[in-house]
Amino acid sequence: MAQVLKIFDIKHKSSDGKARTGVLHLPHGDVQTPVFMPVGTNATVKAMPKDFLEDIDFEIILANTYHLFLRPGPDLIKEAGGLHGFSQWKRNFLTDSGGFQVFSLSKLRKINPEGVKFQSHIDGSYHMFTPENVVETQAKFNSDIQMQLDVCTGAGVERKEAEKALKITSDWLVRAKKEWENQREKGYQGILFPIVQGNFFEDLRQQSAEFVASQELPGIAIGGLSVGETGEEFTHFVNHTVKYLPEDKPKYVMGIGTPEYILDSVQAGIDMFDCVLPTRNARNGSYFTHKGMLSIKQERWIHDFGPVDPECKCKVCQTYSRSYLRHLFKEQEILSSILASYHNLYFLHNMIKEIRQAINEDRFEAYRKDFLEKFHQGL
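Residues numbered from 1 in each chain as written. Predicted model: local features only at pLDDT ≥ 70, side-chain atom pairs only at ≥ 80, totals over all residues. Heavy atoms only, no water.

Draft legend 1. Looking closely at the overall build of the chain. When you go through the chain residue by residue, the secondary structure sums to 15 helices and 17 strands. Taking all 379 residues of the chain together, 55% fall into the buried category. The long-range fraction of contacts in the chain, counting pairs at least 24 apart against all pairs at least 6 apart in sequence, stands at 67%. Accessible area of the chain: about 16100 Å², with a carbon and sulfur share of 49%. Taking the average place of the 45 positive charges on the side chains of the chain and the average place of its 49 negative ones, the gap between the two points comes to 3 Å. (Helix = DSSP H or I, 4+ residues; strand = E, 2+ residues; numbered from the N terminus. Buried < 20%, exposed > 50% of the residue type's maximum accessible area, 1.4 Å probe, protein only. Contact = heavy atoms within 4.5 Å. Areas by Shrake-Rupley, 256 points an atom, 1.4 Å probe, with all protein chains shown as cover. Lys, Arg positive; Asp, Glu negative; His and termini not counted. Charge placed at Lys NZ, Arg CZ, Asp CG, Glu CD.)

Spelled out as structure tokens, the structure:
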């Protein structure tokens, strides 16, 4: 494919750092950046009907290739009209490659240069992921953005293991790109993102970033972070990696969802993030507030008839009290997960909107400082 696809326009670069706003042009509509993407592992964001996601105004969500490959399978999803027809979420889908599940389910897989042989956590059956069939699977999903198959390594691994994983990931990218171009010729409209790896070795990160940039794909993901390292290491390696990536491409740090990590990433010039954290926290009774995390199970909320976060404009905070939400959680009512998930996703989405406004008004650093000072106050 001779011509590089351009899917990203930078709208404004902050005068006080690397933060920027932009627009991703994708098959199912434009996406404003920076953007936080809720994780919908099984083609559903847990406890969140699509109408709620539309109500909050998310423009893109994630789905998980590993889980959907096992159930219900790519052929059924293709028959249903791709993920959009199957789920009725008509905006954009980003799908991961299954590489992280291969990392997290390490006892059930074996990696070789051809691909990954793994055992289903559902029924023990054996399957093989290759760079080619992962691209083909995501094309059947009709993913708007799909990820290459990669090998993720955790914090603390030996250099030799990191080098081996990077070599395989780089080789797999070349194969994935070729299959993606093949799928595009057949009419598939989605975009392929390569993934930077290299663990926590500066020279390997540089090597991976430069190789990924040389492939001239429409966007770039940074993987292998938020895998057990400290916050200082995370921030250092995000900034280190970005130095070797083209400025005009959208950049996506995979698997982050705390306000601290999001703000640090935006400061480094990152445009996209995703994480299961807001909905997982919600199911465990943990709410985001402007003054930090609130654990709804605590006894001090029994007689508190105020909102979870007085500054939040979401319909949960406008309607329900801490006392009632604690009652729902203690009684293990399904509504507890629904309301907490709605609030947490609304909170992060609203934070991202405020970040975009702050960047456009050249006051991002002040916003970041003020937000974190307040967030770390505690309740």
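Draft legend 2. Representation of the sheet that holds strand β1 (residues 8–13) within the structure. Ordered by their spatial adjacency, three strands build an open sheet running β1-β2-β3, and the pairing between neighbours is antiparallel. The open sheet has two edge strands with one neighbour each: β1 and β3 (29–33). Here the strands of the sheet are splayed against their neighbours by 15° on average, with no regard to which way each runs. In this structure, β1 lies alongside strand β2 (residues 20–26), joined through five bridges in antiparallel fashion. Bridge pairing in β2 links lysine 13 to arginine 20. The sheet contacts of helix α14 (residues 334–360) involve β1, β2 and β3, and relative to β2 the element is tilted by about 120°. (Pairing = 2+ DSSP bridges. Axes fitted to C-alpha atoms, helices over the stretch in contact; angles between N-to-C directions.)

Draft legend 3. Inspection of the nonpolar core at higher detail. Formed by 79 residues in total, the largest nonpolar core has its most connected members in Phe36, Ile262 and Ile355. For this core, the element with the highest residue contribution is α14, accounting for twelve residues. In this structure isoleucine 355 touches Pro34, Ile262, Leu263, Val266, Phe364 and Tyr367, once residues within four positions along its chain are discounted. If you look at the next biggest cluster of nonpolar residues, it comprises 20 residues, including Leu24, Val35, Val39 and Ile195. (Core = buried A, V, L, I, M, F, W, Y, C linked by side-chain atoms within 4.5 Å.)

Draft legend 4. Highlighting the pairing of β2. Counted residue by residue, β2 has six buried out of seven residues, so it is predominantly covered. Joining the antiparallel neighbours β1 and β2 is a turn of six residues, in which glycine 17 adopts a positive phi near 155°. As judged from the five bridges shared by β2 and β3, these two strands associate in the antiparallel manner. Looking at the pairing, leucine 26 lines up with glycine 29 of β3.

Draft legend 5. View of the pattern of salt bridges. A complete count under the given rule lists 17 salt bridges for this structure. Where lysine 6 meets aspartate 9, a salt bridge forms, and the shortest distance between an N and an O atom there is 2.6 Å. Residue classification places lysine 6 among the exposed residues on the basis of a relative accessible area of 61%. Residue lysine 374 pairs with glutamate 311 through a salt bridge whose shortest N-O separation is 2.4 Å. With a gap of 63 residues between them, lysine 374 in helix α15 (residues 364–375) and glutamate 311 in the loop between β17 (292–295) and α12 (315–319) connect regions that are remote in the sequence. (Salt bridge = Lys/Arg side-chain N within 4 Å of Asp/Glu carboxyl O.)

Draft legend 6. Structural context of the sheet that holds strand β5 (residues 60–63). Read across the sheet, four strands follow the order β5-β6-β10-β11 without closing on themselves; strand pairing throughout is parallel. Strand pairing shows two members of the sheet lacking a second neighbour, β5 and β11 (191–193), which therefore form its edges. Across the sheet, the mean angle separating the axes of adjacent strands is 25° when strand polarity is ignored. By the bridge criterion, four bridges tie β5 to strand β6 (residues 92–95) in an arrangement that is parallel. Note that in β6 the partner of alanine 63 across the bridge is threonine 95. The strands that helix α6 (residues 131–141) touches are β6 and β10 (145–147); relative to β10, the one it contacts most, it runs at about 155°. Packing of helix α7 (residues 159–185) onto the sheet brings it into contact with β10 and β11, and relative to β11 it is tilted by some 170°.

Draft legend 7. Representation of the packing of helix α8 (residues 202–214) against helix α9 (residues 231–242) in the model. Taken N-terminus to C-terminus, the directions of α8 and α9 make an angle of 40°; their axes are 9 Å apart at the nearest point. The pairing of α8 with α9 is recorded here as oblique in orientation. Viewed along their axes, α8 and α9 form a crossing whose handedness is right-handed. Between α8 and α9, the contacting residues are Glu202, Arg205, Gln206 and Ala209 on the first element and His236, Phe237, His240 and Thr241 on the second. A class-by-class count of the residues in the contact of α8 with α9 yields two nonpolar, four polar and two charged. (Parallel < 35°, antiparallel > 145°, perpendicular 65-115°, else oblique. Left-handed = near helix turned anticlockwise from the far one by under 90°. Nonpolar A, V, L, I, M, F, W, Y, C, P; charged D, E, K, R; others polar.)

Draft legend 8. Spotlight on α9. A rise of 1.5 Å per residue sets the reference length of α9, with its twelve residues, at 16 Å; its end C-alpha atoms lie 17 Å apart and thus fit the reference within 8%. Within α9, the full set of buried residues consists of Phe234, Phe237, Val238, His240, Thr241 and Val242. Contact partners of the buried residues in α9: β12 (195–196), α8, β13 (220–222), β14 (251–253) and α10 (259–267). (Expected span 1.5 Å × (residues − 1).)

Draft legend 9. Broad picture of the packing of α6 against α7. Closest axis-to-axis distance for the α6/α7 pair is 8 Å, and the angle between their directions is 35°. Relative to α7, the crossing made by α6 is right-handed. Judged by residue contacts, Pro131, Glu132, Val135, Glu136 and Ala139 of α6 engage Trp172, Arg175, Ala176, Glu179, Trp180 and Gln183 from α7. A class-by-class count of the residues in the contact of α6 with α7 yields six nonpolar, one polar and four charged.

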